[in-house]
Amino acid sequence: MGHKGPVYRIKWSPFSSDIFLSCSADWSVRVWKQGHIDPIITCTSVFSPVLDVGWSPTRATLFVCARESCIELWDLAGSQIDPIMSMDAPPGVKFTAAAFARNAECLIVGNSIGQVTVYQLKGLRRPDDASQDKALQKVISAAMDTGNDRGDHE
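Heads up: these notes are all about the structure in this document. (Residues numbered from 1 in each chain as written. Predicted model: local features only at pLDDT ≥ 70, side-chain atom pairs only at ≥ 80, totals over all residues. Heavy atoms only, no water.)

This brings us to the overall build of the protein. Secondary structure assignment for the protein yields one helix and eleven strands. Along the protein, helices (α) and strands (β) appear in the sequence β-β-β-β-β-β-β-β-β-β-β-α when read from the amino end. For the protein, whose C-alpha radius of gyration is 15 Å, the value lies close to the compact-globule estimate of 15 Å for 154 residues. Overall, the C-alpha framework of the protein stretches about 45 × 35 × 20 Å when taken along its three principal axes. A sequence separation of at least 24 residues applies to 44% of the contacts in the protein between residues at least 6 apart. (Helix = DSSP H or I, 4+ residues; strand = E, 2+ residues; numbered from the N terminus. Rg over C-alpha atoms; globule rule 2.2 N^0.38 Å. Contact = heavy atoms within 4.5 Å.)

Time to look at the side chain of Asp52. Tracing the chain through its elements places Asp52 in strand E5 (residues 50–55). A distance of 2.9 Å separates the side chain of Asp52 from the side chain of Arg9, its partner in a polar contact. The contact partners of Asp52, leaving out residues within four places of it in the chain, are Arg9, Lys11, Cys23, Val64, Cys65, Ala66, Thr96, Ala97 and Ala98. (Polar contact = N/O pair within 3.5 Å; in protein donor to acceptor, adjacent residues only side chain to side chain.)

Looking now at the sheet that holds strand E8 (residues 85–88). The four strands lie next to each other as E5-E6-E7-E8, forming an open sheet whose pairing is antiparallel. Where the open sheet ends on each side, the last strands, each with one partner, are E5 and E8. Sheet twist, expressed as the average angle between the axes of neighbouring strands with direction ignored, equals 15 degrees. With five bridges joining them, strand E6 (residues 62–67) and strand E7 (residues 70–75) adopt antiparallel strand pairing. Note on E7: the bridge partner recorded for Ala66 is Ile71. (Pairing = 2+ DSSP bridges. Axes fitted to C-alpha atoms, helices over the stretch in contact; angles between N-to-C directions.)

Judged by nonpolar contacts, the single largest core of 21 residues is most densely connected at Val29, Ile41 and Phe63. Secondary-structure elements contributing two or more residues to this core are strand E2 (19–24), strand E3 (29–33), strand E4 (41–43), E5, E6 and helix H1 (132–145). The greatest single-element share of this core, amounting to four residues, is contributed by H1. Ignoring anything within four residues of it in the chain, the contact list for Ile41 reads Val29, Arg30, Val31, Leu76, Gln80, Val139, Ile140 and Ala143. (Core = buried A, V, L, I, M, F, W, Y, C linked by side-chain atoms within 4.5 Å. Buried < 20%, exposed > 50% of the residue type's maximum accessible area, 1.4 Å probe, protein only.)

Following this line, the structure appears as structure tokens:
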């Protein structure tokens, strides 16, 4: 089953050509595998629309999402239930956009009052590029094996 509200962003994985993310007003980020009707993984933490989502350019299982109320970092290899980091928006401000820098350990975040802020990320080692597709495929396969995949295919 797809989202239960408007979809705001869809992003293909930079490491796996058949995996993509979507985010929605229904408070969720969903991980999809091309050829499957249902999402493979659904990530929901707080009751707030998800306005933007983006994959890390260096870690295949890491993504960021911009909720109105917070910015979250998720590592699918670690947990599909809780983000590894969450940062609340300042009072009266909504986060609207988020992206990883391509060549630096940074996260760029936009908000409802027109500000763009760059955050330095620490402790994220750059893994071997050759292993990245395998790492994401391992997470996807494990999720499908635990019953998250309902077997619906196009």
